[in-house]
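Architecture at a glance
Next come the chains, spelled out residue by residue.
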Amino acid sequence: MSDQDWSINLAKYESDYLPRIIGAVSLTELEGLRVELLGKNGWITLFLKTLGGMSPDDRVLKGPRIQHLREAVAGAIATRKAALEAVALDARLAGERLDMTLPVDAATAGTIHPVSQVMDELAEIFADLGFAVATGPEIEDDWHNFTALNIPASHPARAMHDTFYMADNRAQDGDRNSANATGEPRKMLLRTHTSPVQIRTMLKQKPPIRIIAPGRTYRSDSDATHTPMFHQVEGLVIDKGITLGHLKWTLETFLKAFFERDDIVLRLRPSYFPFTEPSAEVDVGYTLEKSKRVIGGSGGGWMEVLGSGMVHPKVIAACGLDPDEWQGFAFGCGIDRLAMLKYGMDDLRAFFDGDIRWLKHYGFSALDVPTLSGGVGA
């Protein structure tokens, strides 16, 4: 192709396709144009692939023109897409308008959020095992959140990109751990796990200890399976003669009751957590039913559900207990993830959107109170 023909061909694509992009009447039509031009085998993509076989002089001459066309087309598509999405959103909102003056339908007015329901299920299950429910502040200091849990100052979990630190570092309480070794106020943060509740419990309560600590936690992360705020439950047992066997039995009993299946199979894999030694990731077996993974059995594979381990002697010592006398185990998992596995949600972000349709579909009646006799699930 001569330089003149090449230039005419390139200009033709620009004059033909830009008006078509601007005049696209639907997102489907616009996506088709995008694939036709910028897709893997799109026209502009093919033009770009010719650059590799050009001489250096031709590449300097033709490269900028192809890039200009690519940027013009991409910009036009983005602009038109935003306009079409705005029109679609306006139409959807107009169709979903609610008349707030209508009387409330008491039968369908409200539901229990799946997270609240799962928290109640966990409390019911562990109460039967002799565990109490413990709570603690969501605004924590770095001693309770990191140092007392044997997490070193250099650990990446302390970094700003993982942890939400407070601008005002003044301690929120007057306990003896509100200042560091130099007497300066400790750094304040939004707790990254509910493990600080375990520390506070060990500092205030004499062993034996059996608690679960459900609650909100915060980390700088957001995608389909992570949100900046999420819910965790952690368990702690401190007593004499505690072994890894006690941990495995507790987790097995808990998961069988939670998923309401007797064929739950666990696999403990060696892992590392600063606050437990030894540490283990816990996988649960699943089977495939109609191409979907269903918790129970082990024919389909393994799915990680929680982390666990024996409480590190340094953590026990940091709470004023003698690790030669007292031993314990701890475990933790995401409440939101447990709800997703049990009730079939596939996107964690929907938990916090406040969409009334989602809540009506996945929510629970206020009368669906979890009981071991009647079943913890609805």
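To keep things clear, this report deals only with the structure shown in the data block. All residue numbers refer to position in the chain's written sequence, counted from 1. Under the rules for a predicted model, residues below a pLDDT of 70 receive no local features and side-chain atom pairs below 80 are neither given nor counted, while totals for whole chains, interfaces and linings still include all residues. Side-chain metrics in this entry use all non-hydrogen atoms of the structure; hydrogen atoms and water are not considered.

Considering the overall build of the chain
Segments assigned H or I by DSSP are reported as helices when at least four residues long, segments assigned E as strands when at least two residues long, and all are numbered from the N terminus. A tally of regular secondary structure across the chain gives 11 helices and 10 strands. Relative accessibility decides the category of a residue: with a 1.4 Å probe and only protein chains considered, values under 20% of the type maximum give buried, values over 50% give exposed, and everything between is partly exposed. Here the chain, with 378 residues, has 39% of them falling under the buried criterion. For this analysis, residues touch if any pair of their heavy atoms sits within 4.5 Å. Long-range pairs, those at least 24 residues apart, make up 65% of the contacts in the chain between residues at least 6 apart in sequence. The Shrake-Rupley method, run with a 1.4 Å probe sphere, supplies the accessible areas, and residue values consider only the shown protein chains as cover. By element, 55% of the accessible surface of the chain is carried by carbon and sulfur atoms, the whole surface being about 20500 Å².

Re the packing of helix α2 (residues 27-38) against helix α4 (residues 56-95)
Any two packed helices are characterised by the angle at which their axes cross and by the distance between the axes. At a minimum axis distance of 10 Å, the contact between α2 and α4 shows a crossing angle of 165 degrees. Accordingly, the angle class assigned to the pair α2 and α4 is roughly antiparallel. The two elements α2 and α4 meet at a crossing, and its hand is left-handed. Across the interface between the two elements, Leu27, Leu30, Arg34, Leu37 and Leu38 from α2 touch Arg70, Val73, Ala74, Ile77, Arg80, Lys81, Leu84 and Glu85 from α4. Lines are fitted to the C-alpha atoms to define the axes, a helix being fitted only along its stretch in contact, and any angle between axes, read from their N-to-C directions, falls within 0 to 180 degrees. Just so you know how the angles are binned, under 35 degrees is roughly parallel, over 145 roughly antiparallel, 65 to 115 roughly perpendicular, and the rest oblique. In a left-handed crossing the near helix is turned counterclockwise from the far helix by less than a right angle, and in a right-handed crossing that turn is clockwise.

Considering the nonpolar core
Membership of the largest hydrophobic core comes to 40 residues, with the highest contact counts inside it found for Leu122, Phe254, Phe258, Leu306 and Phe351. When neighbours within four sequence positions are excluded, Leu306 is seen to be in contact with Leu251, Phe254, Ala280, Glu281, Val282, Phe331, Gly332 and Cys333. The set of buried Ala, Val, Leu, Ile, Met, Phe, Trp, Tyr and Cys residues whose side-chain atoms join them within 4.5 Å is what this entry labels a nonpolar core. Counting 22 residues, the second largest nonpolar core, distinct from the first, contains Trp143, Ile211, Leu236 and Trp326.

Some thoughts on α4
Helix span, expected: 1.5 Å multiplied by one less than the number of residues in the helix. Look at α4: 57 Å from first C-alpha to last across 40 residues, which is about the 58 Å you get at 1.5 Å a residue. The seven residues ending at a residue and the seven starting there each receive a fitted axis; the angle between those axes is the bend at that residue. Maximal helix bending in α4 amounts to about 35 degrees, located at Lys62; proline Pro64 follows within four positions. Here α4 has its buried residues at Lys62, Gly63, Ile66, Leu69, Val73, Ala76, Ile77 and Leu84.

Considerations on helix α7 (residues 195-204)
Taken across its 10 residues, α7 has eight buried, putting it largely inside the fold. Within α7, the full set of buried residues consists of Ser195, Pro196, Val197, Gln198, Ile199, Arg200, Thr201 and Met202. Packing partners of the buried residues in α7 comprise β2 (139-141), α6 (142-145), β4 (209-218), β5 (229-239), α9 (313-318) and β10 (327-334).

Overview of the pattern of salt bridges
Oppositely charged side chains can form a pair if their charged atoms are brought close together. By definition here, a salt bridge exists when the distance from a side-chain nitrogen of Lys or Arg to a carboxyl oxygen of Asp or Glu is within 4 Å. Applying the stated criterion to the full structure yields 14 salt bridges. Across the pair Arg34 and Glu31 runs a salt bridge whose closest N-O atoms are separated by 2.8 Å. Placement of both Arg34 and Glu31 in helix α2 is noted, with a separation of three residues, approximately one turn of the helix. Asp239 is paired through a salt bridge with Arg210; the nearest N and O atoms lie 3.2 Å apart. One end of the pair, Asp239, is in strand β5; the other, Arg210, is in strand β4, with 29 residues separating them in the sequence. Overall, Arg210 belongs to the partly exposed group, its relative accessible area being 34%.

Notes on the packing of helix α5 (residues 114-128) against helix α8 (residues 244-259)
Remark: α5 packs on α8, axes separated minimally by 10 Å, with the N-to-C direction vectors making an angle of 130 degrees. By the angle between their directions, the pair α5 and α8 is classed as oblique. Seen from above, α5 lies across α8 with right-handed handedness. Here Val118, Glu121, Leu122, Ile125 and Phe126 of α5 lie close against α8, whose contacting residues are Thr250, Phe254, Ala257 and Phe258. Residue classes follow a fixed rule: Ala, Val, Leu, Ile, Met, Phe, Trp, Tyr, Cys and Pro count as nonpolar, while Asp, Glu, Lys and Arg count as charged, and any other residue, Gly among them, counts as polar. In terms of residue class, the contact of α5 with α8 is built from seven nonpolar, one polar and one charged.

Quick look at the environment of Ile238
Note that Ile238 resides in strand β5. On the basis of relative accessible area, Ile238 is assigned to the buried category, the value being 0%. For the pair formed by Ile238 and Pro207, sequence separation is 31 residues and the distance between their alpha carbons is 6.1 Å. Look past the residues within four positions of Ile238 in its chain and what remains in contact with it is Met202, Pro207, Pro208, Ile209, Val311, Leu321, Trp326, Gln327 and Gly328.

A word on the environment of Phe275
The topology assignment puts Phe275 in the loop between β6 (266-273) and β7 (276-289). As for Phe275 and Val311, which are separated by 36 residues in sequence, their C-alpha atoms are 6.2 Å apart.

What about the pairing of β10?
A regular strand places its side chains so that they alternate between the two faces of the sheet. With six of eight residues buried, β10 lies mostly within the body of the structure. Here eight bridges tie β5 to β10, and the two strands are oriented antiparallel to one another. Among the inter-strand pairings, Gly235 is bridged to a residue of β10, identified as Phe331. Criterion used throughout: strands pair if DSSP finds at least two bridges between them. As judged from the four bridges shared by strand β9 (residues 301-311) and β10, these two strands associate in the antiparallel manner. Paired with Gly309 across the strands is Ala330, a residue of β10.

Topic: the packing of aromatic side chains
For Phe, Tyr and Trp, where Trp contributes only its six-membered ring, two rings pair if their centres lie within 6.5 Å, and the inter-plane angle classes them as stacked under 30 degrees, edge-to-face over 60, or tilted in between. Tallied over the full model, the rule gives 11 aromatic pairs. Aromatic side chains Phe126 and Phe254 sit 5.0 Å apart centroid to centroid with 35 degrees between the ring planes, which places their arrangement in the tilted category. Of this pair, Phe126 sits in helix α5 while Phe254 sits in helix α8; the two residues are 128 residues apart in sequence, bridging distant segments of the chain. With a relative accessible area of 0%, Phe254 lands in the buried category. Arranged with centres 5.7 Å apart and planes meeting at 20 degrees, the rings of Phe126 and Phe331 form a pair that is stacked. One end of the pair, Phe126, is in helix α5; the other, Phe331, is in strand β10, with 205 residues separating them in the sequence. No difference in accessibility class separates Phe126 from Phe331, as the two residues are buried. Chaining the aromatic ring pairs together yields one cluster made of Phe126, Phe131, Phe254, Phe258, Phe259, Phe329 and Phe331. Sitting over the face of the ring of Tyr165, Lys187 holds its NZ or CZ atom 5.8 Å from the ring centroid. The side chain of Arg293 reaches across the aromatic face of Tyr286, ending 5.4 Å from its centre. Geometrically, a charge over a ring is one whose NZ (Lys) or CZ (Arg) sits within 6 Å of the ring centre while staying within 35 degrees of the ring normal.

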